[in-house]
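Structure at a glance
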Amino acid sequence: GMIEKAKQAAQEAHVAERSHFVAGDVGALPYPDHFFDLAISINVGCNLPNLKPHLKELFRTLKPGGIALLTAPTSFATRFTNGFDAPFEVQSFVAF
């Protein structure tokens, strides 16, 4: 599966000893609050029926002052408003 492919890619890039891969639910991450300095979400939201649980978990596990990097295809703008009060569009880079 995807974990095996990621491990193989890490081996080939000579970063396996610094890499750790976990499969889980993006709405219930298996990490404590304020765990990560950097959170990266690449094209995840466009595959979810509801983005809110994913964003809540991403920011729950991010340390204060940490960096969140989220990417989404431009066509995702219409779905990115799912569960939010006002529509907005992500086109390139947003820093929180």
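In what follows, the structure referred to is the one given above.
Report on the accompanying structure. Keep in mind that this is a model prediction, so the values were computed, not measured. (Residues numbered from 1 in each chain as written. Predicted model: local features only at pLDDT ≥ 70, side-chain atom pairs only at ≥ 80, totals over all residues. Heavy atoms only, no water.)

Along the backbone of the chain there are 2 helices and 2 strands. Expressed as a percentage of the 96 residues in the chain, the buried residues total 22%. Counting contacts in the chain only where the partners sit at least 6 residues apart, residues at least 24 apart contribute 64% of the total. Accessible area of the chain: about 6,800 Å², with a carbon and sulfur share of 59%. (Helix = DSSP H or I, 4+ residues; strand = E, 2+ residues; numbered from the N terminus. Buried < 20%, exposed > 50% of the residue type's maximum accessible area, 1.4 Å probe, protein only. Contact = heavy atoms within 4.5 Å. Areas by Shrake-Rupley, 256 points an atom, 1.4 Å probe, with all protein chains shown as cover.)

Relative to strand β2 (residues 62–71), strand β1 (residues 36–42) is paired through 6 bridges, and the arrangement is parallel. What sits directly across from S41, in β2, is L70. A crossover connection joins β1 to the parallel β2 through helix α2 (residues 52–60); in handedness this β-α-β unit is right-handed. (Pairing = 2+ DSSP bridges. Right-handed = clockwise from strand over helix to strand, strands pointing away.)

This next bit is on the nonpolar core. Among the nonpolar cores identified, the biggest contains 8 residues, and these are A39, L48, L51, L55, L58, L62, A68 and L70. Elements with a contribution of two residues or more to this core: α2 and β2. It is β2 that provides the largest number of residues to this core, a total of 3 residues. (Core = buried A, V, L, I, M, F, W, Y, C linked by side-chain atoms within 4.5 Å.)

Tallied over the full model, the rule gives 3 salt bridges. Here K63 ties to D37 by a salt bridge, and the two come within 3.3 Å at their closest N and O atoms. Of the two residues, K63 is situated in strand β2 and D37 in strand β1; the sequence distance between them amounts to 26 residues. We note a salt bridge from E57 to R60, for which the minimum N-O separation is 2.8 Å. (Salt bridge = Lys/Arg side-chain N within 4 Å of Asp/Glu carboxyl O.)

Note that T61 resides in the loop between α2 and β2. One polar contact links the side chain of T61 to the main-chain carbonyl oxygen of E57, over a distance of 3.0 Å. Ignoring anything within four residues of it in the chain, the contact list for T61 reads L29, Y31, P32, H34, F35 and F36. (Polar contact = N/O pair within 3.5 Å; in protein donor to acceptor, adjacent residues only side chain to side chain.)

Here V26 shows up in the loop between α1 (2–12) and β1. Taking C-alpha positions, V26 is 8.6 Å from L55, a pair spaced 29 residues apart along the chain. Not counting residues within four places of it along the chain, the set of residues in contact with V26 comprises V44, L48, P53, H54 and E57.

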